[in-house]
Amino acid sequence: MRRFEPLDARAGAVHNNALAFVSDPPRRILVKEVNWLGDLVMSLPALRAIRRARPDAHLAVLVKRELASFFDGAAWLDEVIPYTVGRGLSGFMDRRRIVGEIRSRKFDLGVLFPNSFESALWIAMAGIKRRAGFVGDARGAMLTLKASPPPEALSRHQVNYWLAMLRETGVADGDANDFAIDVAEKHRERMRQFLVANRRRAGAPIFAIAPAAAYGPAKEWPADRYGALIDLLARRDDAEVVLVGAPSERAKCEEVAASSKSGAIVAAGGTNIGELIALLSLCDGFIGNDSGCAHIAGALGIPTVAIFGSTNPERTGPLGSKARVIYRKLECSPCLARTCRFGHYNCLTQIEAAELVAAIEMLRADS
C-alpha cells in the first residue's frame, strides 16, 4: 500500500462503451501489467490514462516481483501487488495464492494488458465482476468488456496497443505521450552514492551503456564494438561509462569492460529496476541495444541512442523527444528473429562506434 498522489487531469474523448460505467463507476481497479521491462515502459500511458479517468478509485497493479520496483516512485498508484510463479507443484500453489490475494481485495474492475489466457483466468477466478481486455488466446468468454485490436493498434507504435484496448473496451482514453517515469528519491540517493564510490573522474560526463539484450544476438551489437565505443567516448569527452543490465547480463558487461582500454563501471546485476531507473536518470546519456534499458532512458528524457537490428523501430522504438534510433534497414529487415538466418548480422555490424558517438553528441547539444 502507498500514499496516493493524483495526476493532473487531462481531457480526452471517451469511447461509447464507457457508458457501462456511468451508473456504477469502478471503485477498486486492478491492472494486470505486462511481463517485460520494455513493454512496461510502453504500457505506462495506458496505466496513467486509467488513473486520470478514475482519480477517486483505488488503483492497483499486479506485476512480476522482479519488475515491481519499477513503480517505487509512482505515488499516483495506490497499491503494487508483486507475484512469483514457480514450476511444478510450487507453481500451482503460487497461482492459488495469487487468485486468493486478488479475491481478498474485492476489486470491481480488472484490466488485462497481457493477452494471455492465464491472466484472464486469474481475474475471473478471483470473482472480479467486470473484466476488460482484447480477445485472443481462447479467453473471450472470460471477458465482460472485450474487443479485437483495431488495425492501427497492430500497425502503429506499440504504445498505441494498450491505449486502443482501453478505448475499445470503454475503460479510458489516453495520450501516447503520457509516459513519464517516476524516480524514487531513495533510489536516486543510493545511486548517487554508488557513483561517488566508483567514479574515477567526478565532474566528467558519464554515459550508461547496455550491451546485452534478452531476446538474442540479433539484437546485440558486438561486444568488441562496445569496448571501442567506451574508448572513443573517453577520448572525445573524457567521459566515463557505467554498464547496466540484468543479473544474467553481468558477464557480458564484464567482457565489454575488459575489452576496452579505458574500463567501465559495471552496475549490471547490482540494481533492482527502481535503482536502474534512478541510475539512468543521473547519466548524461545512454547508448545501447533495443532493450528495456533503452526504453527507460528514452522515457526519462535523457539523450538516448538505441541500436536496432532484427526488430522494427517504428513499432517498438524508445519513446521520448531525445531518443534516436540507429538502424540499417536491409532487404531482410526487420526479420524479428533471435539469430541471423544468413549468419552475417550485417544490420548490426555495419554500425560503427563513431556514428553512435556523433548521435549522442548531437542529442546533447540540442538539450
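These numbers come from a predicted model, not from an experiment.

A.B. asks: Got a minute to help me understand the packing of aromatic side chains in this structure?
C.D. replies: Two aromatic rings are characterised by how far apart their centres lie and by the angle between their planes. Scanning the entire structure with this criterion turns up five aromatic pairs. A ring pair is formed by Phe70 and Phe71, whose centres lie 5.1 Å apart and whose planes are at 80 degrees; its orientation type is edge-to-face. On the basis of relative accessible area, Phe71 is assigned to the buried category, the value being 1%. Consider the rings of Phe134 and Tyr161, whose centres lie 5.0 Å apart with planes at 65 degrees: the pair is edge-to-face. Separated by 27 residues along the polypeptide, Phe134 in strand S5 (residues 130-134) and Tyr161 in helix H6 (residues 159-169) bring together distant segments of the chain. On the basis of relative accessibility, which here comes to 1%, the residue Phe134 falls in the buried class. An aromatic cluster is present here, built from Phe134, Tyr161 and Trp162 joined pairwise through their rings.

A.B. asks: Just to check I follow, could you spell out unusual backbone geometry for this structure?
C.D. replies: The bulk of non-glycine residues show a negative phi, and the bulk of peptide bonds are trans. Geometrically, the link from Ser333 to Pro334 is a cis peptide bond, its omega value of -10 degrees lying close to zero. On the secondary structure map, Pro334 appears in the loop between strand S12 (323-327) and helix H13 (346-349). Even without being a glycine, Asp137 presents a positive backbone phi close to 55 degrees. Looking at where Asp137 falls in the secondary structure, it is placed in the loop between S5 and strand S6 (145-147). Of note in this structure, Leu336 is not a glycine but carries a positive phi near 60 degrees. Inspection of the secondary structure puts Leu336 in the loop between S12 and H13.

A.B. asks: Is there a simple way to think about the pattern of salt bridges in this case?
C.D. replies: Opposite charge on two side chains permits pairing when their charged atoms draw close. Taken as a whole and judged by the stated rule, the model has 23 salt bridges. A salt bridge links Asp178 to Arg52; the nearest nitrogen and oxygen atoms lie 2.7 Å apart. Placement of the pair is Asp178 in the loop between H6 and helix H7 (185-198) and Arg52 in helix H2 (residues 44-53), with a sequence separation of 126 residues. Each member of the pair Asp178 and Arg52 is classed as buried. A salt bridge links Arg105 to Glu79; the shortest N-O distance between them is 2.6 Å. Of this pair, Arg105 sits in the loop between helix H3 (88-104) and strand S4 (109-112) while Glu79 sits in strand S3 (residues 79-83), and the two are 26 residues apart along the sequence. The exposure class of Arg105 is partly exposed, given its relative accessible area of 22%.

A.B. asks: Could you clarify how one ought to interpret the nonpolar core in this entry?
C.D. replies: Within soluble globular proteins, side chains that are nonpolar generally end up buried alongside one another. If you look at the biggest cluster of nonpolar residues, it comprises 73 residues, and the most contacted ones within it are Phe70, Phe71, Val111, Phe113, Leu166 and Phe286. In terms of residue count, H6 provides more of this core than any other element does, seven residues in total.

A.B. asks: Just checking my understanding: could you explain helix H11 (residues 292-300) for this structure?
C.D. replies: In an α-helix there are 3.6 residues to a turn, and that puts residues three or four apart on one side. With eight of its nine residues buried, H11 lies for the most part within the structure. Every buried residue of H11 is listed here: Gly292, Cys293, Ala294, His295, Ile296, Ala297, Gly298 and Ala299.

A.B. asks: Help me understand the state of the cysteines, please; the structure alone is not making it clear to me.
C.D. replies: Note on terminology: a disulfide is the covalent bond linking the sulfur atoms of two cysteines. Applying the stated rule across the entire model yields zero disulfides. Cys253 forms no disulfide, and the closest cysteine sulfur to it belongs to Cys293, at a distance of 8.4 Å. By relative accessible area, Cys253 is classed as buried at 0%. Of all cysteine sulfurs, the one in Cys293 lies closest to Cys283, which takes part in no disulfide; the gap is 11 Å.

A.B. asks: Looking at this model, I keep getting lost on the environment of Ala353. Mind explaining?
C.D. replies: Residue position: Ala353 is located in helix H14 (residues 353-365). Distance in space between the C-alpha atoms of Ala353 and Lys146 is 47 Å, their sequence separation being 207 residues. Residues within four places of Ala353 in sequence aside, it is in contact with Trp221, Leu229 and Leu232.

A.B. asks: I would appreciate a short explanation of the pairing of S5 in the present structure.
C.D. replies: Each regular strand carries side chains that alternate between the two faces of the sheet. With five of five residues buried, S5 is to be regarded as a mostly interior element. On S5, burial covers both faces: Arg130, Ala132 and Phe134 on one face and Arg131 and Gly133 on the other are all buried. Bridge count for S4 against S5 is three bridges, and the pairing is parallel. By the bridge assignment, Gly110 is partnered in S5 with Arg131. Examined bridge by bridge, S5 and S6 share three bridges and lie parallel to one another. The partner of Phe134 across the bridge, within S6, is Ala147.

Conventions adopted
- Residues numbered from 1 in each chain as written.
- Predicted model: local features only at pLDDT ≥ 70, side-chain atom pairs only at ≥ 80, totals over all residues.
- Heavy atoms only, no water.
- Phe/Tyr/Trp six-rings, centres within 6.5 Å; stacked < 30°, edge-to-face > 60°.
- Buried < 20%, exposed > 50% of the residue type's maximum accessible area, 1.4 Å probe, protein only.
- Helix = DSSP H or I, 4+ residues; strand = E, 2+ residues; numbered from the N terminus.
- Salt bridge = Lys/Arg side-chain N within 4 Å of Asp/Glu carboxyl O.
- Core = buried A, V, L, I, M, F, W, Y, C linked by side-chain atoms within 4.5 Å.
- Disulfide = S-S within 2.5 Å.
- Contact = heavy atoms within 4.5 Å.
- Pairing = 2+ DSSP bridges.

Honestly, it's all geometry; don't read function into it.
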